[in-house]
Structures are given as structure tokens and as C-alpha cells.
Amino acid sequence: TEASNLLFFPGCQLSASSPEDTRNLYSLLCQNHVSEDGKGVGIALGCCGAPAEWAGQEDLFQQTHQKFLSIYEDMNSPLLLVACSSCMQIFKKYYPEIKIQSLWVYLNECNLKLPDLSDQDITISIQDPCTTRYERGIQDSIRDLLAKMGVKIQELPLSRELTECCSYGG
């Protein structure tokens, strides 16, 4: 859509490694987003610039930054829903003018009709990304969504604020 009040930014890894999941998430957002002004949900595919920033490629990072800002402003500065926690950190640090929210917090607040998996007796553990180490709202939202589906969670010893870094980001 050319203008919206909600813009989904899945990040480069989710859309590249799981295009079907990205399409499904976008469809879910479109089905559940109610807009009084009739504007739909936008989607911006691309990279936030984290790899360039991590590698010290300032020119490439600035190009990525300016390209995204142009797209964002052309869409009338909507609320940005970010799926990737690394992207979330980049946007919070370098784009203070952008209204941003974690996709997972947004989905948890939407009162979605979620599948009931309680009869399947599923127990999982969640590996919190290190970029969400101090993002309690994101951590809680993911756990809440799973609990609403009847999935049991067994916390790892190194979860939440104790989660370890994978060392990927430089």
C-alpha cells in the first residue's frame, strides 16, 4: 500500500529465510488491523542496516538509513511493526523520529483468535535473542502468545536478562 498507519518490517533474515511465514504474518496483520481511515497495512522489505553498522561500513549504513526514511515518510510515517530484535535495536538507536513497536507486543495486544494446542501437551523452551535481554515487554509478549495457545514453557537457565550472546553482531 502507498499510505498506511501501520507498516510491517519483517527484516531481511525473516523474509529471506522464511518467505511463507512472512506472507502469513502479513496476512494476519491485514486481517486483524482495523483502520478508521481505510488505510491498509504496508510492508517494507529490506534491511535495517545492522550488518553494515556491525561491519563499520558507515557509507552503506547511511544509504540504507536514508532509503528507509524516504519509504517511511512517503507512507505518511505509520507505526512501524518490527519482527527482528536486531532491527528493533537499530531503529531505536538511529531512528528516534519513528514510531516503533515490536511485532510480538502488537500481536499480543490484538486479541487474536489463536489455535488451542492445550490438548497436545506441548512444552517448549525459548531462546531469547541477546538483543531482547532487557526488553521485558517483548519477552513477556511471546510467552503470553504461547500461553494463550495452551503451550507450556520451560524456562532455560540462561533466559531473559541472562541470555547469552551468539556473537553474531560483531
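Look above for the structure.
Everything numeric in this text was worked out from a predicted model, so none of it was measured.

**Description of the nonpolar core**
- In this structure, Phe 9, Phe 68, Leu 80, Phe 91 and Ile 98 are the most contacted members of the largest nonpolar core, which totals 21 residues.
- Elements that contribute at least two residues to this core include exactly strand S1 (6–9), helix H3 (50–54), helix H4 (58–74), strand S3 (79–82) and helix H5 (85–94).
- In this structure Phe 9 touches Ala 44, Gly 46, Cys 47, Cys 48, Phe 68, Leu 80, Leu 81, Val 82, Ala 83, Cys 87 and Phe 91, once residues within four positions along its chain are discounted.
- Counting twelve residues, the second largest nonpolar core, distinct from the first, contains Leu 25, Leu 29, Leu 81 and Leu 145.

**A short note on the pattern of salt bridges**
- A full pass over the atoms with the stated rule returns six salt bridges.
- Of the charged contacts in the structure, one is a salt bridge between Glu 20 and Arg 23, with a shortest N-O distance of 3.0 Å. A residue pair is termed a helical-turn pair when its members lie 3 or 4 positions apart in one helix, as Glu 20 and Arg 23 do in helix H2 (residues 19–32) at three residues.
- By relative accessible area, Glu 20 is classed as partly exposed at 44%.
- The exposure class assigned to Arg 23 is partly exposed, which follows from its relative accessible area of 49%.
- Among the salt bridges present, the one from Lys 93 reaches Glu 53, with a minimum N-O distance of 3.6 Å. Of this pair, Lys 93 sits in helix H5 while Glu 53 is found in helix H3, placing the two residues 40 residues apart along the sequence.
- The class for Lys 93 is exposed, based on a relative accessible area of 57%.
- On the basis of relative accessible area, Glu 53 is assigned to the partly exposed category, the value being 24%.

**A few points about the state of the cysteines**
- One pass over the full model with this rule turns up zero disulfides.
- The thiol of Cys 84 is unpaired, and the distance to the nearest cysteine sulfur, on Cys 87, comes to 3.8 Å.
- Judged by its relative accessible area of 25%, Cys 84 falls in the partly exposed class.

**What to know about the pairing of S3**
- As paired strands, S1 and S3 are joined by four bridges and run parallel to one another. From the neighbouring strand, Leu 7 faces S3, where its bridge partner is Leu 80.
- Strand direction decides the pairing type here: S3 and strand S4 (residues 100–102), joined by three bridges, are parallel. Directly across from Leu 80, in S4, lies its bridge partner Ile 100.
- For the crossover that starts at S3, traverses H5 and ends in the parallel S4, the hand is right-handed.

**Comments concerning the sheet that holds S3**
- Ordered in space as S2-S1-S3-S4, the four strands form an open sheet in which the pairing is parallel. Looking at the sheet topology across the chains shown, the edges are occupied by strand S2 (41–43) and S4. If you compare each strand with its neighbour and ignore which way they point, the axes differ by 30 degrees on average.
- Contacting S1, S2 and S3, H2 crosses the sheet at an angle of about 160 degrees to S2.

Rules used in this analysis
- Residues numbered from 1 in each chain as written.
- Predicted model: local features only at pLDDT ≥ 70, side-chain atom pairs only at ≥ 80, totals over all residues.
- Heavy atoms only, no water.
- Core = buried A, V, L, I, M, F, W, Y, C linked by side-chain atoms within 4.5 Å.
- Buried < 20%, exposed > 50% of the residue type's maximum accessible area, 1.4 Å probe, protein only.
- Helix = DSSP H or I, 4+ residues; strand = E, 2+ residues; numbered from the N terminus.
- Contact = heavy atoms within 4.5 Å.
- Salt bridge = Lys/Arg side-chain N within 4 Å of Asp/Glu carboxyl O.
- Disulfide = S-S within 2.5 Å.
- Pairing = 2+ DSSP bridges.
- Right-handed = clockwise from strand over helix to strand, strands pointing away.
- Axes fitted to C-alpha atoms, helices over the stretch in contact; angles between N-to-C directions.

Any functional reading would require information that these geometric values do not contain.
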